[in-house]
Amino acid sequence: KQWYQRRVRGFDRHFFGLRHLNGREGGADLPLFQDPNWTTMGTIRLSTSTVAAPCLRDFLAFGAVTPNGFGLGYLMEKEWFGAAVTCYLPNDHYTTYLKNLDSACNDIHAVLSGKHFKPPRSV
């Protein structure tokens, strides 16, 4: 991979662009990038993206950005919601995550449809 692809993960690609342009202009590293929280931000376990183009319905995907994380691509239309989950293998939590996502989607659908909503059960 090229050097910038090895550094850019998930939403921080926007911050990467800011940092890169600042450095290219000869600026000193911004205080944001010296903060210890900057390192934590690079380990986000859930990376999401909405896919706004209906033509991508059959190709819906979004990649996980950390080895122990998940990628969640989703598409919402007026009468339809779709999601694609990705992860690096092995991942001990993949099946549990899918079940919880399915349950949450069903709960949201019930609320929006005006159906009786049951509070979550303890796990």
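Everything quoted here is computed from the prediction, not taken from an experiment. (Residues numbered from 1 in each chain as written. Predicted model: local features only at pLDDT ≥ 70, side-chain atom pairs only at ≥ 80, totals over all residues. Heavy atoms only, no water.)

A count of helices and strands for the protein chain gives four helices and three strands. Reading the protein chain from its N end, one meets helices and strands in the order α-α-α-β-β-β-α. In the protein chain, the share of contacts with a sequence separation of at least 24, taken over all contacts with a separation of at least 6, comes to 26%. With the model as given, the accessible surface of the protein chain reaches about 9,500 Å², and the carbon-plus-sulfur share is 58%. (Helix = DSSP H or I, 4+ residues; strand = E, 2+ residues; numbered from the N terminus. Contact = heavy atoms within 4.5 Å. Areas by Shrake-Rupley, 256 points an atom, 1.4 Å probe, with all protein chains shown as cover.)

As a note on interpretation, predicted positions should not be read in detail where pLDDT is low. With 82% of its residues at a pLDDT of 70 or more, the protein chain has an overall mean of 78. Mean pLDDT values for the elements of the protein chain range from 46 in helix α1 (residues 3-7) up to 90 in helix α4 (residues 94-112). Across residues 1-6 the pLDDT falls below 50, and counting only partners more than four positions away or on other chains, this stretch makes four contacts in the model. (pLDDT = per-residue confidence, 0-100.)

Residues Ile 108, Val 111 and Leu 112 make up a contiguous nonpolar surface patch of roughly 330 Å² in combined accessible area. Given a relative accessible area of 51%, Ile 108 falls into the exposed group. (Patch = residues over 30% accessible without salt bridge, like charges linked within 9 Å, V, L, I, M, F, W, Y side chains within 5 Å. Salt bridge = Lys/Arg side-chain N within 4 Å of Asp/Glu carboxyl O. Buried < 20%, exposed > 50% of the residue type's maximum accessible area, 1.4 Å probe, protein only.)

The next thing to look at is the environment of Leu 101. Residue position: Leu 101 is located in helix α4. Through-space distance from the C-alpha of Leu 101 to that of Ala 83 is 9.2 Å; in sequence the pair is 18 residues apart. Not counting residues within four places of it along the chain, the set of residues in contact with Leu 101 comprises Leu 72, Ala 83 and Val 85.

So, on to unusual backbone geometry. The residue after Leu 89, namely Pro 90, is reached through a cis peptide bond having omega -5 degrees. Secondary-structure assignment places Pro 90 in the loop between β3 (80-87) and α4.

Quick look at the packing of aromatic side chains now. For the structure shown, the criterion picks out two aromatic pairs. Taking the centre distance of 4.5 Å and the plane angle of 10 degrees together, the rings of Phe 70 and Tyr 97 count as stacked. You can see Phe 70 sitting in strand β2 (residues 70-77) and its partner Tyr 97 sitting in helix α4, a full 27 residues away along the chain. Both residues of the pair, Phe 70 and Tyr 97, belong to the buried class. (Phe/Tyr/Trp six-rings, centres within 6.5 Å; stacked < 30°, edge-to-face > 60°.)

Moving on: the pairing of β3. Strand direction decides the pairing type here: β2 and β3, joined by eight bridges, are antiparallel. If you follow Leu 72 over to β3, its bridge partner there is Val 85. (Pairing = 2+ DSSP bridges.)

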